[in-house]
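An overview of the molecular structure
Here are the chains, one letter per residue:
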Amino acid sequence: MTSPVLALRAVSKHYPGGVTALYDVSLRIRAGELVGIVGPSGSGKSTLLHLIGTLDLPSSGTVEVDGQDVSSLTDRRLSALRGSRLGFVFQQFHLSDALTATENVATGLLYAGVRRKDRRALAVSALERVGLGHRTGHRPHQLSGGERQRVAIARAVVNNPALVLADEPTGALDTANGQAVLELLKELNRQGTTIALITHDRDIAASLPRQVELRDGRIVSDASADQTVRFPRPRTKDER
Ligand code: ADP
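Let us look at the structure shown here. What you are looking at is a predicted structure, and each value in this text was computed from that prediction instead of being measured. Residue numbers run consecutively from 1 along every chain, following the written order of its sequence. This being a predicted model, a pLDDT of at least 70 is required before a residue's local features are given, and a value of 80 or more before pairs of side-chain atoms are given or counted; all residues contribute to the totals for chains, interfaces and linings. For side-chain calculations, the full set of non-hydrogen atoms in the structure is used, while hydrogens and water are omitted.

**A word on the overall build of the chain**
- Helical segments are the DSSP runs of H or I of at least four residues, strand segments are the runs of E of at least two, and each set is numbered from the N terminus. Helix and strand content of the chain: seven helices and 11 strands.
- To get the radius of gyration, use the C-alpha atoms; to get the globule rule, take the number of residues to the power 0.38 and multiply by 2.2 Å. On C-alpha atoms alone, the chain measures out to a radius of gyration of 18 Å, which is about the 18 Å that the 2.2 N^0.38 rule sets for 240 residues.
- The principal-axis extents of the C-alpha atoms in the chain amount to approximately 65 × 40 × 40 Å.
- Here the contacts in the chain between residues at least 6 apart in sequence split such that 67% fall between residues at least 24 apart.
- We count Lys and Arg on the positive side and Asp and Glu on the negative side, and we leave His and both chain ends out. By convention, charge coordinates are those of NZ in Lys, CZ in Arg, CG in Asp, or CD in Glu. Of the charged side chains in the chain, 31 are positive and 25 negative, and the gap between their average positions amounts to 4 Å. Contact between two residues is taken to exist if any of their heavy atoms lie within 4.5 Å; hydrogens are not considered.

Listed below in structure tokens is the structure:
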């Protein structure tokens, strides 16, 4: 069996002030999966995203990205892992208005050791993959919201990452554009890209092949076409 692109083992996260945002979370994502991580506000989605994205470290437990235990890496190696093996898509796109679509996408290759002229060719081909081959010279303000998110998706996949993390990728879009972006992510997944999509929207999650549901910092269910696993909620003090 291939090793998972992501393995969380018994991960907890405490914040100063006595807040525990994640309790004992274990999760594996394998190459080729498209997984929705769904939960209401405050359930721990952003915290989980930060840990998976190697932007923060767990208080206990281990996070392995592409076979590497993130707690064992120096800051420099962690940045290299993030830059070369992960792709990020955010709700608010996070594109630079000073750069063209091609240049924005090429920033996804800055840490990959790709030569400048090759960066450009790869960026154009990533834009073609997301249906924006005719918009390569446009700047973000000359593009619609849906097109901007496509540019951000092209930037996330240009380096062939092991895992793309999409944080509420349709949250800033109207229904039609949101649907189109979701379809694009599904199409990229069919072509082999592994994606974790974080959302509060149950309908979006329900349309994905696998859904992991977070509640109060715990995974309460993990469902795919093959099987659904529900995890018992720990009893509260009053119930003991
Ligand atoms: P979600 O993204 O699902 O809304 P979060 O991961 O942002 O959930 O938050 C989970 C819990 O952790 C919440 O109770 C939140 O208030 C708390 N929390 C998140 N970030 C911090 C922080 N930096 N410091 C203290 N508490 C935090």
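**Description of the site of the ligand**
- A single heavy atom is enough: if one lies within 4 Å of a molecule or strand, its residue is considered near that molecule or strand. Near the ligand you find Tyr15, Val19, Ala21, Pro40, Ser41, Gly42, Ser43, Gly44, Lys45, Ser46 and Thr47, and these make up its full shell.
- Any pair of nitrogen or oxygen atoms within 3.5 Å is treated as a polar contact; in protein, a donor-acceptor pairing is required on top of that, and neighbouring residues in sequence qualify only through side-chain atoms on both sides. In this structure, Pro40 approaches the ligand through a main-chain N or O atom, which is 3.5 Å from an oxygen atom.
- Thr47 has a polar side-chain atom sitting 2.6 Å from an oxygen atom of the ligand.
- Residue-level accessible areas treat just the shown protein chains as cover; the underlying method is Shrake-Rupley with a 1.4 Å probe. Contact with the protein chains hides 59% of the accessible area of the ligand, taken as 560 Å² for the molecule alone.
- Those elements that provide at least two residues to the shell around the ligand are β2 (19-29) and α1 (45-52).
- If one sorts the elements of the shell around the ligand by residue count, α1 sits on top with three residues.
- Residue polarity follows a fixed list, in which Ala, Val, Leu, Ile, Met, Phe, Trp, Tyr, Cys and Pro are nonpolar, Asp, Glu, Lys and Arg are charged, and the others, Gly among them, are polar. For the shell around the ligand, a count of residues per class yields four nonpolar, six polar and one charged.

**Details of unusual backbone geometry**
- Non-glycine residue Ala10 carries a positive phi angle of around 45°.
- Within the secondary structure, Ala10 is located in strand β1 (residues 6-15).
- Although it is not a glycine, His94 adopts a positive phi angle of roughly 55°.
- By the secondary structure assignment, His94 is in the loop between β6 (86-89) and α3 (101-106).

**A short note on the sheet that holds strand β5 (residues 68-69)**
- The strand order β2-β1-β4-β5 describes an open sheet built from four strands, whose pairing is antiparallel. Here the strands that pair on one side only, and so sit at the sheet edges, are β2 and β5.
- Lines fitted to the C-alpha atoms define the axes, with helices restricted to the stretch that makes contact. Angles between their N-to-C directions range from 0 to 180 degrees. Together, β1, β2 and β4 (60-65) form the strand contacts of α1, whose direction differs from that of β1 by roughly 125°. By the convention used here, strands pair only if DSSP detects at least 2 bridges between them.

**Focus on the sheet that holds β6**
- Strands sit in the order β6-β7-β8-β3-β9-β10-β11 across an open sheet of seven strands; the sheet is mixed. Lying at the two open borders of the sheet, with one neighbouring strand each, are β6 and β11 (228-230). Each neighbouring strand pair of the sheet contributes to a mean axis angle of 15°, computed without reference to strand direction.
- Note: strand β3 (residues 34-38) against strand β8 (residues 195-199), five bridges, orientation parallel. If you follow Leu34 over to β8, its bridge partner there is Ile195.
- Packed on one face of the sheet, helix α5 (residues 145-157) meets β6 and β7 (163-167) and runs near 170° to β6.

**Brief notes about the environment of Phe90**
- One can find Phe90 in the loop between β6 and α3.
- Judged by relative accessible area, which is 27%, Phe90 ranks as partly exposed.
- Counting along the chain gives 66 residues from Phe90 to Ala156, while the straight-line C-alpha distance between them is 10.0 Å.
- The residues touching Phe90, leaving out its near neighbours within four places in the chain, are Gln149 and Asp167. Type-normalised accessible area, obtained with a 1.4 Å probe on protein chains alone, sets the label of each residue: buried when under 20%, exposed when over 50%, and partly exposed for intermediate values.

**What to know about helix α2 (residues 75-85)**
- Buried within α2 are the following residues: Leu78, Leu81 and Gly83.
- Buried residues along α2 sit against β4, β5 and β6.

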